[in-house]
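Examination of the molecular architecture
Each chain, written out:
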Amino acid sequence: MAPPHTLVGYILPDKEEDRVRNEDSESEDEEEERQPEFLDMKEMDSVSCGGFMLQSSVPPLTEVDFMTSKQKYRIQGRFALRDPWWEISCSASRLNSKFVMKGYPSYSLRILRQEEGRSIVSLFLKACGVDSDFVTRFMQWLPVDRHVDLTNVEEALNDFGNQSKENGEQVESDVLHRISKSDAGFYVRAARMYPHVMRYMPTLLPGKFLKLLNKEKEVEIQKRSENTEDTLDTQETADVQGLPEKQKDESILAKLENLIKTTVWKLGFGYIMWKEFQLVRCETRVEAFRDCKLFSTIPRLQRDALVLYDDLKNFCRQKGHTYIDRENLQESMRSCGIPEVNTWEAVNFLRNQGVLKVDKQKIALRNLYKYETEIVECLSTVAMAEPWKIDLDVKEVLSSAQRMRMRAKAELEKEQSSSAQNGEEHAPLEPLPVLDSSLDFDDSFDEEFDPTPVELDPDQVRAAEMMCANPVTVISGKGGCGKTTVVSLIFKAAVAQQESKKEKELEINSSCEGNKENGAQSPQEVLLTAPTGRAASLLTKRTSFTAYTMHQVLWSFMSTKKSPSGEPMNWMFAKVRVLVVDEGSLVCVQILHSLLSMLTKYAKLQKFILLGDIRQLPSIDPGNTLNDLFESLQRVRWAIEMRTNHRAESELIVRNAGLIADMGLKKTYYDLDFDEVVDLSETFRVPSPDKRFILILLPREENDDDLQMAIKQLLQRPAPGLKDDRSSQFVAFMRRDCDLINELCCKHYSDHTTKDCKKKLNFQVGDKVCCTKNGYVTDIDKEKEIKDMEKDTKEMQKKEQAKDTAQTQENEQVKDTTETQKNKQAKTRLCNGQIFFIKEDRTVEDAGKRGSKRRQLLLADETGEVVLKADYRELQRECKLRHAWARTIHTFQGSEEKTVVYVVGNGICQTWKHVYTAVTRGQQRVYVVAKIGGLERAIRGHVIKRSTRLAGLLTDMIGKLKQTRDDLYTQTSQSYLGTPKRGSSILPGQSTLWSSPGPSQAFCSTKSKYAEQVCTHNTAEDMIYGNNTFQSGSPSVSKRHNKSDNCDTPTKQQKTAAVESPLGCSQLERLSLASSTPKAHARKLFPGAPQITEDQPQ
C-alpha cells in the first residue's frame, strides 16, 4: 500500500447501485477498541441521576466518490456525514484503483461559490424536510446577484417571508421550525457554533460522535417543549443568530468545544469525563490524540499520564490482571521512553485525579480496584445478614432423587429391550438426571421404591450441606460431577418446603379470620445465572429453574423504571434470596460486582453459590474470580472440589482431562490415555464407534494443506459423531484455523461456500450460525402480534377518552408507557455464542414501496424449534452473525456438545488450560487433531499468573468477620453459651460464618456416620488449617494470598478434601485467624482502609 495522502474535498451523492451495495455490505472487521456492553452500578446510578450514556457505534465501512479541487477519487472509509455541503479532510493510501482511508475524517462547512450555493441550499432544505413546492418558490424568488449558502440561508428565508404576500410570517416560522428540528439543520448549526467539535470529535470519539450530536439535539428539543410559545418564538430567532450565552454554558457540545481548546487531555480519562461532564464511557485513546496532531500540544505531565494510563489499560486487558506492581510499571514506562521520575509524577497526578489507586506496591485502575473491593463488601454483607436456615435432610433429598433415577432407568431399559429387535438406537442414559419441576418432594420423601440403601457421592452430600449452612458456597468440579444437579435438588426441596409452610400458615390464618383469598404467584427467590446464553440454556435444561444470562439480569435492572431515589420499581428479581452463578471461570470482576451490588442493595440476597471448574480458562476480561473465591473460602469450608464423574460415557474424557491438569501443574508431560491413535502419515482408517478419546496425528512431513486434508477425511468418511452437525462441534485455538474449518464444513454440510463471488458472507438454509455480539433484535412475528393488539387498544382508547384535559394528558402518559413496553416486548435478546440453524431465508418487498426489499431469516435451535424471525440487516448490525461449525476455544467455553474436535494448531500462547477446557467440552467423544509434539508443546506452555487483589481481600474479610464473631462471643456470658456446640455461638440475626451446621437442626439430633468420621481427623486438619499455616510472616505467604495463580490446584488440598466438612464448628474454632498473631499479620498484609480517598461523582 502506498504512503498516505491528505485529501480535502466533498462526497458526491450516491448512485442507486452504490446505495444498494453499501446497504447490503457486511462489515466483517471488528471495532478497533472493544467496548464494554454493560455499565457498573456507579455508572447506572449516574445515568439515573441525569448522566449521559452514549452507545458506541462506529460508522459503517463504505465506498464513496470523493471530489477534490483537482479530480474525483474512489475512497473506502467510515464517514459519519456524507452530505455534499461538508468539506471533508482525510488521510488515505492508494490500493489498486481506489484509496483506503486511514482513521476517521474531520468536517467543516464548505465555502461555496455563488452557482454552487443555490444547488447546495436546495438540497439542504429538502434534507431538512421542507416542502418541495416551497423550495422551488424560494429558489425562484432569490435575486440573481444575491449569494446564498448555509451560513446565511436563514437570513434569506426571513427576507422571503417578509416579502411574501400570502401568509408570509406563518410560512417562515414553519420552515425555520423544520430546519431546527431536522438532523441536517442541527448538524449545520453545530458546525457554525462548535467548529472544533466537528473537526476533532470524529477521531477522538469515533463511536460516539453522532450520538453526541443527536443527544444535544434531543436536549435542545426538550428544553423548547418546556418553554411557553412566546419563548419558543424568541428561541427560533436565537437559533439563527446563535444560542444565548447561558444555554451555551449548559450545552454538552459547548463544554466539549471549550475542553478541546483548553484541556483536551481530559478526554483521555473516562473517570474525569464522568465526574466533570456526566458523560459515561467517553474516553479517547492515545493514538487518536496523535492522529489529530493534538498530542504534542498537551503539557508533558499530562502526556506522560495518558501514556501510562493507556499502557496500564492494555496490560490489564491483555493479560487479565487487575493491578500492576511498581517494578513492572517502571519497566514498562522505561520501554515507552518515560524516565523514572516522570513515571512517578504521572502516577501521583493520576492518583490525585482519582483515576488510579495505589495500595503499597500495587497500582490499579480505579474501576478494577473498586470492583474487587466492593465484591468483598457485598459478600461480607451477605455473610453478616440474617441467614436463611434451610432445614433439610440433604441425604434423604439426594437418596430420593437417586431412587427415582433408578426407577426411570429401569423403565427406559424395558423400552429399549422391547424395541431392540427393530434395530433402533438410543442415547446413553444419564446416571443422575435432573428432577422434573412438577415433582412433589414431600411425596418423594415418603416413597419407598427400593429398600436397598442408596450409595451417595460424599462430595455431593458435603456440597449440599454447605449450601444449606453457609451464606457463600463455591463448588468446583469437572463436567458430569453433578454440580448443577445438587443445586437444583436442594433448592427445589427448600422452596417446596417453604411453600408448604406458607400454605399451612395461610390455612391457619384463613380458618381463624375467614379469609379465603388465594395468594398471588410466589415471587422468584432462587436466581440461576450463567455468563453466556448457551450456558444459561444448558442450565435451564439441567435444573428445575429458569436460568438467565447475567447480562439479562443486568439489562432488566437497567430497563426497569426507577424511583427518584434510584430504587427499581416492580423489578422482577427484587425478591431473590439465592443467587447461583454457573460457569464461574468465565465471570469477570465487573459483571460479578454489578450483579452482587444490585442484588444485595435492591433484593433480599441471603445466599450466593458459585459453580465452575478452577482448572478452566479464566475470563477474557480482567479478574480471576472463581480461583480467588475458591482459594480463600476453602480455608473456612465454604468451598469444595467435587471429584467423582457421574457420566459413564465421558469417563475416559474426564480421566484424560485430569491427566492434562496434572501435567500442567507439575510442568511435565507424558502420554495421554487415547483409546485410538490415527496417524495420517499412514493410511487413514475410520475410528470405530466405541472409541471415545481419539488422537489424529498430522503427517510428519509438514505441508500447508495438512489440516485441510485431515478435516476433509474426518468429514467425508464420516468419522463417528460427525455425521450430524447439530451434535458435533469443531474447536480451534487459532481464528484462521476456524475460518478454514468453517469453509470445509460449509461445503460438506450445506454445499456452498462461506462467501460469494463479491466476498460477502453467504448464509443459506441449513447453515449453522452464531451471534458474536450480544444484542436485541426485533422478532417479526411478535411485532405483528403487538401491532394487532395496538389496533384493539387504540379503538378502546378512542371510546374511553376522558372529557377533561387532565384525564386526556394522563391517558397520553399511559399510552407512551405502553408503547415503550410493547417495543421492548417485540425485541428478543440474542447472546454472544448462541448457536442457531437457518430454517428459512426469504426476501419480502414492503407494501407500497417499490424496489424496497428486505431479507428475513427464520432461526431455529439444535432441536429444530423456531426461536425467532428477524431482519437480516438488523441481525448483522446488532449481533454480527457468523458461521459456527468451528469456534475458538474462548468463544465456545461454557458450552458442551456430544462430539468435539479440537485442533491444537501452532499458537505459541496456548497452554494446558486451553487443552483442558477444549477437552472437557465433549460429552461423549473427543478428537484431538495435532502435529507430532504439538500437544506436548501446548501442555508445557507457560501459564501467566493473573495478579489480582480479590483473594487477599477475602482473606482479610474472613479475619474481620472472625474478629466480630469473637467479640460477640466474649461479650456473652458463659452460662448462656455453655460448652461450644454446633451453632451454639450464633446469636439471633448473626451470620452462620463459623457455625456451619450440616444438616439442619431438624435432623441434627442423630449425627451421621459421615460426621463421626470427620471428627476423627481433627489432628490432620490442625496441621493444614491450624497455626502452622499462618504463623510465619515470610513474604512467600503474602505472595500466595495476594498474587493468585489461576492454574494452581494444590494436591494437598485435594487430599484433604475427603475429610473437610461443614459439620461442627468445633474444628473451625482452631482456625489460626482466631489467634492474635495471625490477626496482626492479616492487618499488616491487608490494610483495612485504602491509601487514596475515593472520589464520588457529583
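**A short note on the sheet that holds strand S10 (residues 362-365)**
The sheet built from 3 strands is open, its strands ordered S8-S10-S9 with antiparallel pairing. A strand with exactly one partner marks an edge of an open sheet, and here the two such strands are strand S8 (324-325) and strand S9 (356-359). Across 2 bridges, S8 lies against S10 in antiparallel orientation. Its bridge partner lying in S10, Asp325 is registered against Lys362.

**Remarks on the sheet that holds strand S16 (residues 639-642)**
The 6 strands lie next to each other as S13-S12-S14-S15-S11-S16, forming an open sheet whose pairing is parallel. Each of the sheet's edge strands pairs with one partner strand only, and the pair in question is strand S13 (547-549) and S16. On average, adjacent strands in this sheet sit at an angle of 20° to one another, irrespective of strand direction. Contacts from helix H23 (residues 533-542) reach strand S12 (526-530) and S13 within the one sheet, and its direction differs from that of S13 by about 175°. Relative to S13, helix H24 (residues 550-559) is tilted by about 80°, and along the sheet it contacts S12, S13 and strand S14 (578-581).

**Remarks on the environment of Cys746**
In this fold, Cys746 is placed in helix H29 (residues 735-750). Judged by its relative accessible area of 0%, Cys746 is buried. Along the sequence, Cys746 and Ala884 sit 138 residues apart, while their C-alpha atoms lie 9.5 Å from each other. Not counting residues within four places of it along the chain, the set of residues in contact with Cys746 comprises Asp751, His752, Thr753, Thr754, His883 and Trp885.

**With respect to the environment of Ser380**
Looking at where Ser380 falls in the secondary structure, it is placed in helix H18 (residues 366-384). When its relative accessible area of 21% is taken as the criterion, Ser380 is described as partly exposed. Measuring from C-alpha to C-alpha, the distance between Ser380 and Ile958 comes to 8.5 Å, with 578 residues separating the pair along the chain. Filtering out sequence-adjacent residues up to four positions away, Ser380 remains in contact with Met957 and Leu961.

**A word on the confidence of the model for the protein chain**
Where the model shows low pLDDT, its predicted coordinates should not be examined in detail. Looking at the protein chain as a whole, the pLDDT averages 78, with 72% of positions reaching at least 70. Highest mean pLDDT in the protein chain belongs to strand S19 (residues 728-732) (96); lowest belongs to helix H39 (residues 1018-1025) (33). Note that residues 26-35 has pLDDT below 50 and, in this model, 26 contacts with residues that lie over four places away or in other chains. Counting interchain partners and residues more than four positions distant, the pLDDT-below-50 stretch residues 228-249 has 27 contacts.

**Examining the pairing of strand S1 (residues 5-11)**
In terms of strand pairing, S1 meets strand S5 (residues 86-95) through 5 bridges, oriented antiparallel. Bridging from a neighbouring strand, His5 pairs with Ala92 of S5. Looking at chain direction, S1 and strand S3 (residues 61-68) are connected through 3 bridges and run antiparallel. Among the inter-strand pairings, Ile11 is bridged to a residue of S3, identified as Phe66.

Conventions we followed
- Residues numbered from 1 in each chain as written.
- Predicted model: local features only at pLDDT ≥ 70, side-chain atom pairs only at ≥ 80, totals over all residues.
- Heavy atoms only, no water.
- Pairing = 2+ DSSP bridges.
- Helix = DSSP H or I, 4+ residues; strand = E, 2+ residues; numbered from the N terminus.
- Axes fitted to C-alpha atoms, helices over the stretch in contact; angles between N-to-C directions.
- Contact = heavy atoms within 4.5 Å.
- Buried < 20%, exposed > 50% of the residue type's maximum accessible area, 1.4 Å probe, protein only.
- pLDDT = per-residue confidence, 0-100.

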